[in-house]
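# Coordinate inspection notes
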Amino acid sequence: MDENQWTLLDTETTGFKAPIYVLDIAAQRMRGWKPEGPPFSRILNHAVDIPPEASRVNGYTREILERDGDTPKVVYDAFAAYVGDRPLVAYNLSYDLDEVLRPEWKRLGIEPIGHPGFCVLRLTRRLLDPVPAGNHKLQTLRQYYRLPQRGAHTALGDVETTADLMQHVLKPLAEERGLTTWEAISSFADALWFPSRLAFGKFKGRSFRDALFDQELRDWLEWLTRSPKPRTSAMGRWYLEQLDLEPDYTTDVSVAITAGENESNEIVLFRHPELETLRQLIANARDRLAGLEAEYTQEHHRVQVAQSELFARLRPHYERRDALRLEIQYRRKYLETLLIEGEEEAETVGDEYTHARDESAREYEEAAAEAATRQALTDDEEQELKRLHQKLVRLYHPDRFADDPDRQAIYDRLMQEINQGRDQGDIDRLREIANDPNGFLLRQGLTGLDFDDDAELVKLRQLYVTLQERILSILAEIDELRASDAYELYRLSQERPRSIAEVADQQAQEILAELDKLEEEAKQLAEEIEKLTGSEDPFINEAAESCSQNRS
């Protein structure tokens, strides 16, 4: 395999509805598992409108293609020269080649380019069975295995991610199975195969291997073989054939006594293969979850520190704006009540305003106090915080006892304390929990922890699914954090330390412009109240007036 030359390709298109037009095509020459030489990347201009749903995914519009794209014939001539006689491989080869490129070449009168190799998606499904990341989407696997971040939903970015996946994830797994030649890998990817976990029916989520000791499941697989649908019957036959290759394990651990040549007894232990695999998968999933939680913790804390600095700079403007909005809200309510229900009822609006104003002031004090606790950590402190949180999540995550509500409640409470320490950058709290978790809980008035981790097969399956769901959830949270304006501010602050002050100045100018309009509206409402009642406006906020004077 190491010396075989082939081409990895990907396309971005107008969607799934025929005719499908290629908007972006990229390729990478490969030697064995590694990229060789520069990639190929071109944009095509077919002079057609781009469906909005496709444009939302890949970002291409007709205007962009007309500006940056080349005619299809020019692009495919260059692509043919790049590919030469190397086989073509793609993450979803049947789509890119059979549904997209070949129909397009036929439509354009272009001779077919290259010849098909193997499908990386089919190879991935077999080597990563059951898939630890929850699904086989390319970007999900990139995040799960911590591969470099490329340009998602661009042809070149997906080619580079597929190359990363093959080199760093699939290659070791293939070599473990003895798949060391091009022919072996291609045959393995192309062979008939179905996932070990059933994807439908009454046994959905179960491993087909459970049929070794579950007669009802075995009967169901035999029922599949009698289906009039060829694919379904082939599935049933394939599962039963695989079972014939498995030892007949009936329990998790059993003991057999055999007689040796000297008639001495020997104890032989048989272990259920899925149980051992699940335990290893769960251990790996806990490590992965702990790593992701620690990664999120570190970045979230940095973002909060940047936001706290911005809040401190803008707090007087925020307070004045909110005070004016509150005054306007209650002045309007006062006028409406005065005109409909009279002065006595209107006076109660003034009392409501006083309460709301004091509550707003209290919330600002609390927000300021919380912001003051978010101090930037040194590099050593950040590494210790990350290391401690990762260790504590691995040991004490409540998912360990999803089947035991009482024990899970204790772990939930402990995890709340761990996460609070994480969010506040409170290394001392995390040290205290790490050094003496039982003592920490007892000081909180809770019972201690029981670290027994025995579980039955079904419970382990449930736990594994729960861990995978949490991993996917934290990956989504990391993506959401990195896509936020707050993260962009933090990133800018690392590139240019003055950027927070610059952003604060810009936002202050925008708020000051809004304040001018709010003050004018508040003034007009106050004059209207005084004219109608003949008395002074009951909604004067002394603190806000002070802020206004400071501003001026």
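Here the structure is a predicted model, which means the values were calculated and not measured. Sequence order as written defines residue numbering, which begins from 1 separately in each chain. Totals for whole chains, interfaces and linings use every residue, but because this is a predicted model, local features are given only for residues with pLDDT of at least 70 and side-chain atom pairs only at 80 or more, for both listing and counting. Working from all heavy atoms in the structure, the side-chain values ignore hydrogens and water.

### Considering the overall build of the chain
Applied cut-off: Only DSSP runs of H or I covering at least 4 residues are called helices, and only runs of E covering at least 2 are called strands; the numbering of each starts at the N terminus. Relative accessibility decides the category of a residue: with a 1.4 Å probe and only protein chains considered, values under 20% of the type maximum give buried, values over 50% give exposed, and everything between is partly exposed. Here, residues are in contact when the closest pair of their heavy atoms is within 4.5 Å. Reported accessibility uses the Shrake-Rupley method at a 1.4 Å probe radius. Residues are deemed covered only where the shown protein chains occlude them.
When helices and strands are tallied, the chain shows 20 helices and 8 strands. By residue count, 44% of the 552 residues in the chain fall in the buried class. Of the contacts made within the chain by residues no fewer than 6 positions apart, 68% connect residues no fewer than 24 positions apart. As displayed, the chain offers around 29400 Å² of accessible surface, 48% of which is attributable to carbon and sulfur atoms.

### Some words on unusual backbone geometry
The omega torsion across A18 and P19 is -5°, close enough to zero to call that bond cis. With respect to the helices and strands, the residue P19 is situated in the loop between β1 (5-13) and β2 (22-31). The omega angle of the peptide bond from D129 to P130 is -5°, so this bond is cis rather than trans. Among the secondary structure elements, P130 is positioned in the loop between α5 (120-127) and α6 (138-144). Phi at A47 takes a positive value of approximately 55°, unusual for a residue other than glycine. Along the polypeptide, A47 turns up in the loop between β4 (40-43) and α1 (52-58).

### Structural notes on the pattern of salt bridges
Going by this rule: For this analysis, a salt bridge means a side-chain nitrogen from Lys or Arg found within 4 Å of a carboxyl oxygen belonging to Asp or Glu.
One pass over the structure, following the stated rule, counts 33 salt bridges. Between E104 and R107 there is a salt bridge, with its nearest N and O atoms 2.8 Å apart. On the criterion of helical spacing, the pair formed by E104 and R107 is a turn pair, its members being 3 residues apart in helix α4 (residues 93-108). Judged by relative accessible area, which is 34%, R107 ranks as partly exposed. The partner of R357 in a salt bridge is D358, and the shortest N-O contact between them spans 3.6 Å. Each of R321, D322, R325 and E514 takes part in salt bridges that share partners, so that together they form one network.

### Quick notes on empty space enclosed by the protein
Stated precisely, the cut-off is as follows: The pocket and cavity definitions rest on a 1 Å grid over protein atoms only: a 1.4 Å probe that fits but cannot leave marks a cavity, an open set with protein on both sides within 12 Å along at least five of seven lines marks a pocket, and residues lining either have an atom within 4 Å of a point. Grid points are joined across faces, edges and corners, and a volume is the space filled by probe spheres set on the points. All residues other than Ala, Val, Leu, Ile, Met, Phe, Trp, Tyr, Cys, Pro, Asp, Glu, Lys and Arg, Gly among them, are scored as polar; the first ten of these are nonpolar and the last four charged.
Applying the stated criterion across every chain yields a total of 2 cavities of 30 Å³ or more. Considering only enclosed or pocket space, the second largest cavity measures out at about 30 Å³ in volume. Those elements that provide at least two residues to the lining of the second largest cavity are β1 and α7 (155-176). Residues that form the lining of the second largest cavity fall into these classes: 4 nonpolar, 1 polar and 2 charged.

### What to know about the nonpolar core
Rules: Note on terminology: a nonpolar core comprises buried Ala, Val, Leu, Ile, Met, Phe, Trp, Tyr and Cys residues joined through side-chain atoms within 4.5 Å.
Ranked by internal contacts, the top residues of the largest apolar core, which has 117 residues, are I25, Y76, F79, L101, F118 and L170. If you tally residues by element for this core, the top one is helix α11 (residues 273-341), at 21 residues. If we ignore the near neighbours within four places in the chain, the residues touching F79 are L9, I25, A27, F40, L88, W105 and I113. In terms of nonpolar packing, the next biggest core, distinct from the first, is built from 16 residues, W193, F208, W220 and M235 among them.

### Observations regarding the packing of helix α3 (residues 72-83) against α4
Operational definition: Angles here are taken between N-to-C directions and fall from 0 to 180 degrees, while the axes themselves are lines fitted to C-alpha atoms, restricted in helices to the stretch in contact. Any angle that is under 35 degrees is reported as roughly parallel, and any over 145 degrees as roughly antiparallel; angles of 65 to 115 degrees are reported as roughly perpendicular and all others as oblique. Crossing handedness is defined as follows: a turn of the near helix away from the far one that is anticlockwise and smaller than a right angle gives a left-handed crossing, while the clockwise case is right-handed.
One can describe the packing of α3 onto α4 by two numbers: an axis separation of 12 Å at closest approach and a directional angle of 125°. Taken together, the axes of α3 and α4 lie oblique to each other. In this structure, the crossing between α3 and α4 has a hand that is left-handed. Within the contact between the two elements, α3 uses P72, Y76 and F79 and α4 uses L101, E104, W105 and L108. For the contact of α3 with α4, the per-class residue count stands at 6 nonpolar, no polar and 1 charged.

### A few points about the packing of aromatic side chains
Where we set the bar: Between the rings of Phe, Tyr and Trp (Trp by its six-membered ring), a pair exists once the centres lie within 6.5 Å; its type follows the angle of the planes, with under 30 degrees stacked, over 60 edge-to-face, and the other angles tilted. To sit over a ring, a charge needs its Lys NZ or Arg CZ within 6 Å of the ring centre and within 35 degrees of the ring normal.
Under the definition given, this model contains 18 aromatic pairs. With a centroid separation of 6.0 Å and an interplanar angle of 90°, the aromatic rings of Y76 and W105 are classed as edge-to-face. Taken together, the residues span a long stretch of sequence, with Y76 in helix α3 and W105 in helix α4 at a distance of 29 residues. Comparing Y76 with W105 shows no difference in burial state: the two are buried. Ring centres of Y487 and Y490 lie 5.6 Å apart, and the angle between their planes is 65°; this geometry places the pair in the edge-to-face category. Taken as a pair, Y487 and Y490 lie in helix α18 (residues 485-495) at a separation of 3 residues, close to a single helical turn. By relative accessible area, Y490 is classed as buried at 10%. Following the ring pairs from residue to residue traces out a cluster consisting of F194, F208, W238 and Y239. For R107, the ring lying beneath its charged end belongs to Y21, and the centroid distance is 4.4 Å. For R126, the ring lying beneath its charged end belongs to F188, and the centroid distance is 3.9 Å.

### Some thoughts on the environment of R491
Applicable threshold: Two N or O atoms form a polar contact when they lie within 3.5 Å of each other; inside protein one atom must be a possible hydrogen donor and the other a possible acceptor, and for residues adjacent in sequence the pair counts only when both atoms belong to side chains.
Relative to the assigned elements, R491 resides in helix α18. Its relative accessible area of 31% is what places R491 among the partly exposed residues. A polar contact is formed between the side chain of R491 and the side chain of E488, at a distance of 2.5 Å.

### As for helix α19 (residues 499-533)
Note the threshold: Under the convention used throughout, the expected extent of a helix is 1.5 Å for every residue step, that is, one less than its residue count.
Its 35 residues place the ends of α19 50 Å apart at the C-alpha level, agreeing with the 51 Å of an ideal helix rising 1.5 Å per residue. Positive backbone phi, at 70°, marks G534, one or two positions downstream of α19.

### Regarding the confidence of the model for the chain
Threshold: The predictor rates its confidence in each residue with pLDDT, a number between 0 and 100.
For the chain, per-residue confidence averages 80 on the pLDDT scale, and residues scoring 70 or more make up 82% of the total. Looking across the chain, the model is least confident in strand β7 (residues 253-259), with a mean pLDDT of 32, and most confident in strand β5 (residues 87-90), with 96. Taken together, the stretch residues 247-271 has pLDDT below 50 and engages in 36 contacts with residues farther than four places along the chain or on a different chain. Under a pLDDT of 50 for its full length, residues 449-455 has, in the predicted model, 20 contacts with residues more than four places off or in other chains.

### Quick notes on a negative patch on the surface
Under the convention used in this document: Excluding any residue in a salt bridge, patches collect residues exceeding 30% relative accessible area, merging like charges within 9 Å and nonpolar Val, Leu, Ile, Met, Phe, Trp and Tyr side chains within 5 Å. Charge assignment in this entry is limited to Lys and Arg as positive and Asp and Glu as negative, and neither His nor the chain termini are counted. Just so you know, the charge point we use is NZ for Lys, CZ for Arg, CG for Asp and CD for Glu.
There is a patch of like negative charges on the surface, built from E336, E341, E343, E344, E345, E347 and D351. Looking at the negative patch, the elements that each hand over two or more residues are α11 and α12 (343-373). Note on placement: D351 falls in helix α12. Look at D351 and you get exposed, because its relative accessible area is 56%.

### Remarks on a nonpolar patch on the surface
A cluster of nonpolar side chains, namely L339, I340 and L532, defines an oily patch on the protein surface of about 340 Å² accessible area. Note on I340: relative accessible area 68%, which makes it exposed.

### Focus on the side chain of D24
Mapped onto the elements, D24 comes out in strand β2. Although buried, D24 forms no salt bridge, and the nearest oppositely charged side chain, R42, lies 9.0 Å from it. Among the polar contacts made by the side chain of D24, one reaches the side chain of Y60 at a distance of 3.0 Å. Polar contacts involving the side chain of D24 include one to the main-chain amide nitrogen of A155, which spans 3.1 Å. For D24, the residues in contact, after removing those within four places along its chain, are D10, T11, E12, S41, R42, L44, Y60, T154 and A155.

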